[in-house]
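What follows is the residue order along each chain.
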Amino acid sequence: MTRCRRSSRPAASSSSTGGHLHRKGWIGDDYILSIAEQNAFAGPSLVSTGLVTLAPGADQAQVQAAITDALAAHPDAKVLDQAGFEKEASGFIDQLLTFVTVMLLLAVLIALLGIVNTLALSVFERTRELGLLRAIGMTRSQVRAMVRWESAVISLIGALSGAGLGIGIGLALSQALKDEGIKAISIPTLQVAIYVLLAAFAGVAAAIGPARSAARVDVLKAVVTD
């Protein structure tokens, strides 16, 4: 893939035969070699990427058109300017985020099933307690609200713990990858807050079945239950 971009300065400085990069720019490695030296060390290889710096006064559109014509025999090659490269890179990142979001939804679904199971067992084990609460005057709606709040609290604790852990890992990775050009990390605060709120609502939804079961506990049978 060949890329064409405009630059007011070279992305890196090196000798004609190979040298150490003073600043990486678009290049991820610390050293750059000529094609001849690369072939000498590793044998002939396919060149997948080429960076083009325009000469002063050159028209970017004309240069890009000329490169496109020169690569007409290679339909798999792409000629991109800086904006096109950024768009393509962001598209890959968007696909990665979509994949992560799908995995997150699956994890949330599994977590909700766990909450339903936990609450159902809790209601079964607290039959006597629920019967006593109903006997001293707690209404069915209050019992349902109690179970729903328990589910919401469990969901919020899990969501906040996960968000904090994820942000912490992201910050640690950004520090570890400083030498690779990652200088900062952007925390989507609004998106994280929305996820936490959705987790609370999902917890309430997961408690519908157990809450109804708790509200239907027979008071007399519950009180005499060992």
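Residues numbered from 1 in each chain as written. Predicted model: local features only at pLDDT ≥ 70, side-chain atom pairs only at ≥ 80, totals over all residues. Heavy atoms only, no water.

### A look at the nonpolar core
- One finds Ile-115, Leu-119, Val-123, Leu-130, Val-143, Met-146, Val-147, Ala-206, Ala-207, Ala-211, Ala-214 and Val-217 forming the largest nonpolar core, which totals 12 residues.
- Every element with two or more residues in this core is listed here: helix 3 (82-125), helix 5 (140-176) and helix 7 (208-215).
- Sequence-distant contacts of Met-146, that is, excluding residues within four places in its chain, are made with Arg-126, Leu-130 and Leu-133. (Core = buried A, V, L, I, M, F, W, Y, C linked by side-chain atoms within 4.5 Å. Buried < 20%, exposed > 50% of the residue type's maximum accessible area, 1.4 Å probe, protein only. Helix = DSSP H or I, 4+ residues; strand = E, 2+ residues; numbered from the N terminus. Contact = heavy atoms within 4.5 Å.)

### Observations concerning the packing of helix 5 against helix 7
- At a minimum axis separation of 8 Å, helix 5 and helix 7 run at an interaxial angle of 145°. Crossing of helix 5 over helix 7 shows right-handed handedness. Facing Arg-140, Val-143, Arg-144, Val-147 and Arg-148 of helix 5, the residues of helix 7 in contact are Pro-210, Ala-211, Arg-212, Ala-214 and Ala-215.
- Within the contact of helix 5 with helix 7, the residues separate by chemical class into six nonpolar, no polar and four charged. (Axes fitted to C-alpha atoms, helices over the stretch in contact; angles between N-to-C directions. Left-handed = near helix turned anticlockwise from the far one by under 90°. Nonpolar A, V, L, I, M, F, W, Y, C, P; charged D, E, K, R; others polar.)

### Looking at the layout of surface pockets
- Taken as a whole, the largest pocket holds about 1,400 Å³ of empty space.
- Lining the largest pocket are 34 residues, with Val-100, Leu-104, Gln-191, Val-192 and Tyr-195 sitting closest to its centre.
- Taken together, the elements giving at least two residues each to the lining of the largest pocket come down to helix 3, helix 5 and helix 6 (189-206).
- When residues of the lining of the largest pocket are assigned to their parent elements, the largest contribution, 14 residues, is made by helix 3.
- Its residues assigned to classes, the lining of the largest pocket comprises 26 nonpolar, eight polar and no charged. (1 Å grid on protein atoms, 1.4 Å probe; cavity = no way out; pocket = protein on both sides within 12 Å on 5 of 7 lines; lining within 4 Å. Points joined across faces, edges and corners; volume = space filled by probe spheres on them.)

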